[in-house]
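# Structural features, examined
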Amino acid sequence: MRTPRIAALLILMGLTACVTPPQAPTAPASAPATAESAPATQPPPPPAPPVIPLPFGEAVAKAADTLFSGAKVSPDKRRVVLIDPLIDGMTGEQTLATRTVEARITQLARNRYPHFDIQPFSVENLKKNPLILVGTFTGVNRDGKTEGAREAFRICLALADLDNRVLVGKGTARAKPEDVDLTPLPYYRDSPTWGLDPVTEGYIKTCQASKPGDPMDPLYVARVVSAASVQQAIAAYNAGRYKESLNFYATAMRAAAGDELRILNGVYLTNIKLGQKQAAQLVFGRIVEFGLDRKRLAVKFLFKPGSTAFWPDQKVSGIYPAWLKEIAARSQRQNACLEIIGHTSRSGPEPINERISLLRAELIKSKLDASAPSLRTHTIANGVGSRENLVGNGRDDLTDLLDRRVSFRVIDCASTHS
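Let me sum up the structure you'll find in this document. (Residues numbered from 1 in each chain as written. Predicted model: local features only at pLDDT ≥ 70, side-chain atom pairs only at ≥ 80, totals over all residues. Heavy atoms only, no water.)

Quick look at the nonpolar core now. One finds Ile-263, Tyr-268, Phe-301, Ile-327, Ile-364, Leu-368 and Phe-408 to be the most contacted residues of the largest nonpolar core, which totals 48 residues. In terms of residue count, helix H10 (residues 277-293) provides more of this core than any other element does, 7 residues in total. Within the second largest apolar cluster, 33 residues are counted, among which are Phe-68, Ala-97, Ile-118 and Phe-153. (Core = buried A, V, L, I, M, F, W, Y, C linked by side-chain atoms within 4.5 Å. Buried < 20%, exposed > 50% of the residue type's maximum accessible area, 1.4 Å probe, protein only. Helix = DSSP H or I, 4+ residues; strand = E, 2+ residues; numbered from the N terminus.)

What follows concerns the environment of Gly-392. With respect to the element layout, Gly-392 can be found in the loop between strand S10 (379-383) and strand S11 (406-411). Exposure remark for Gly-392: the relative accessible area of 0% places this residue in the buried category. For Gly-392, the contacting residues outside a window of four places in its chain are Gly-148, Ala-149, Arg-150, Arg-346 and Asp-403. (Contact = heavy atoms within 4.5 Å.)

Pairs may arise between side chains of opposite charge once their charged atoms sit close together. Applying the stated rule across the entire model yields 17 salt bridges. One network of salt bridges, with partners in common, ties together Arg-223, Glu-260 and Arg-262. (Salt bridge = Lys/Arg side-chain N within 4 Å of Asp/Glu carboxyl O.)

A word on the packing of aromatic side chains. What describes a pair of aromatic rings is the distance from one ring centre to the other and the angle between the planes of the rings. As enumerated under the stated definition, the model contains 17 aromatic pairs in all. On the basis of an interplanar angle of 85° and a centroid distance of 6.4 Å, the ring pair of Tyr-187 and Tyr-237 is categorised as edge-to-face. With Tyr-187 in helix H4 (residues 186-190) and Tyr-237 in helix H7 (residues 224-238), this pair connects stretches of sequence that are 50 residues apart. One exposure class covers both Tyr-187 and Tyr-237, and it is buried. An aromatic cluster of three or more residues is present, and its members are Tyr-268, Phe-284, Phe-301, Phe-303, Phe-310, Tyr-320 and Trp-323. (Phe/Tyr/Trp six-rings, centres within 6.5 Å; stacked < 30°, edge-to-face > 60°.)

A word on the environment of Thr-91. With respect to the element layout, Thr-91 can be found in the loop between strand S2 (87-88) and helix H3 (96-112). For Thr-91, a relative accessible area of 4% translates into the label buried. The sequence separation of Thr-91 and Val-391 amounts to 300 residues, and the corresponding C-alpha distance is 7.7 Å. A distance of 3.1 Å separates a polar side-chain atom of Thr-91 from the backbone nitrogen of Glu-93. (Polar contact = N/O pair within 3.5 Å; in protein donor to acceptor, adjacent residues only side chain to side chain.)

Have a look at this one:
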């Protein structure tokens, strides 16, 4: 199929149980109360021992060994395993770190567990009754929570039997941050918007909110064929094969009915790379509608760190006026009221971060209002500083770009007049 026809097709498709404590025997009226007659109390359970982060390579090996050695499958039967590429558990992005984890898992399986046959994650290989391996790599603080300063990375691996849709293995570990490269792969670096669509959320749940014997997330299972096409499209884009990438996105869009943000972002990017600007603009409009329909849209406007100025490189920020025009037009068309929320990375004092984030939101509001004057009474600006960081490493580079985002939330129009 020729590229213009594919682009047109893609656009038209639019894509606590209450337990009563034991009662003391009732003492005779004449008998004084004694200490022995008081209800017995149980001491609180001891706190769980802290999880000690390991060097990156050791942590990956520990999680993978636990996964493969404990998998509930027959060691006498060789099973095909497809790795749906690992992602960041907060952002859904693939990075150099997640790709390294995947490569090390593959090598370990081939060296130590020959009854697992690791093959590429593709539509064709899904026909081989495979096991599916999913995994997340997530920055956490010292308490294991995804907030504040990230001091380690939680590795979560899950192995599922696609035939009966049940998890058969799980492996976890925690890695030290040294030697971890969070640089996003090209598709994720270039994508204009961010958001966890339901399929990506299902992937994360299948790994993180599960144990062996649990079912896979049903939506993830239903979309596993389109997921394979998406990953082939992303791999082609990352390699600079943009026509091939667009073909894979066309297949994925037909399988997913066009309602996955990562597909829409991919169609936009490949059209941009192929010089099809009009098609790309129309697809970006669909991306905006996707976000408005789901009440939230996060656009990756890149600001200079500690500033309200856009990144000066026109190759990066030159497209921003077109994005803002499309956001204004689609919001006006839907008569949507928006809360514009500015974010910053965690570098710098938080009072200053909060001020900068508000100023960024106000800048975007002013540009939208100028493009569509009726939005003046339909938008409000707020800043949350670094309280909603997704990456949280405070490096102010490409690795924490998503922490310097601006998001749009559809709100009750009465809120814009309060």
